Structure formats: C-alpha cells, structure tokens
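Report on the structure
One-letter residues, chain by chain:
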Amino acid sequence: MKCNLQRTNLQIDDYLDLLNLAIRLGDEKWKKEITRKMEMTMSSMAAAQ
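A closer look at the overall build of the chain
A count of helical and extended segments in the chain gives two helices and zero strands. Going through the 49 residues of the chain one by one, you find that 16% of them count as buried. Summing over all exposed atoms, the chain offers an accessible surface of approximately 4,000 Å²; the carbon and sulfur share of this is 56%.

Below is the structure:
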C-alpha cells in the first residue's frame, strides 16, 4: 500500500507541474482536463484508504 501511495503522490506532483504549465500557457481546456484527472486520482486514493 505504501508503494501505491508513493506512486499516487508522484502522479499528483506531475499533474501539478502540468497544471502550472497549462495556466501559464492560458490553455483552459488542458487545465480542466488536468484538474479532472487530479480529482479522479485523489478520489481513488481516498477510496483505497
């Protein structure tokens, strides 16, 4: 389980980096997609606990 949590944390970090890039580029569609994927990742992480 610890390995899955670490992997999820890395995914969140990657999504945050991509979200920052999307914001800087002003790409609203990409920003919404990244946000949606982050929400899905967070909800699956919460369900696993």
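Don't stop here, the text continues.
Looking at the nonpolar core
By size, the foremost hydrophobic cluster in this structure holds five residues: Tyr-15, Leu-19, Ala-22, Ile-34 and Met-38. When residues in this core are grouped by element, the largest group, three residues, is from helix H1 (residues 2-25). Apart from the residues lying within four places of it in its own chain, the contact partners of Leu-19 are Lys-31, Ile-34, Thr-35 and Met-38.

Comments concerning the environment of Leu-19
Residue position: Leu-19 is located in helix H1. Here the alpha-carbon distance between Leu-19 and Lys-32, two residues 13 residues apart in the chain, equals 8.8 Å.

Here we look at the environment of Glu-33
You can see Glu-33 is positioned in helix H2 (residues 28-48). Residue classification places Glu-33 among the partly exposed residues on the basis of a relative accessible area of 35%. C-alpha of Glu-33 to C-alpha of Leu-19: the two residues are 14 residues apart in sequence and 9.2 Å apart in space.

Rules of the game
- Residues numbered from 1 in each chain as written.
- Predicted model: local features only at pLDDT ≥ 70, side-chain atom pairs only at ≥ 80, totals over all residues.
- Heavy atoms only, no water.
- Helix = DSSP H or I, 4+ residues; strand = E, 2+ residues; numbered from the N terminus.
- Buried < 20%, exposed > 50% of the residue type's maximum accessible area, 1.4 Å probe, protein only.
- Areas by Shrake-Rupley, 256 points an atom, 1.4 Å probe, with all protein chains shown as cover.
- Core = buried A, V, L, I, M, F, W, Y, C linked by side-chain atoms within 4.5 Å.
- Contact = heavy atoms within 4.5 Å.

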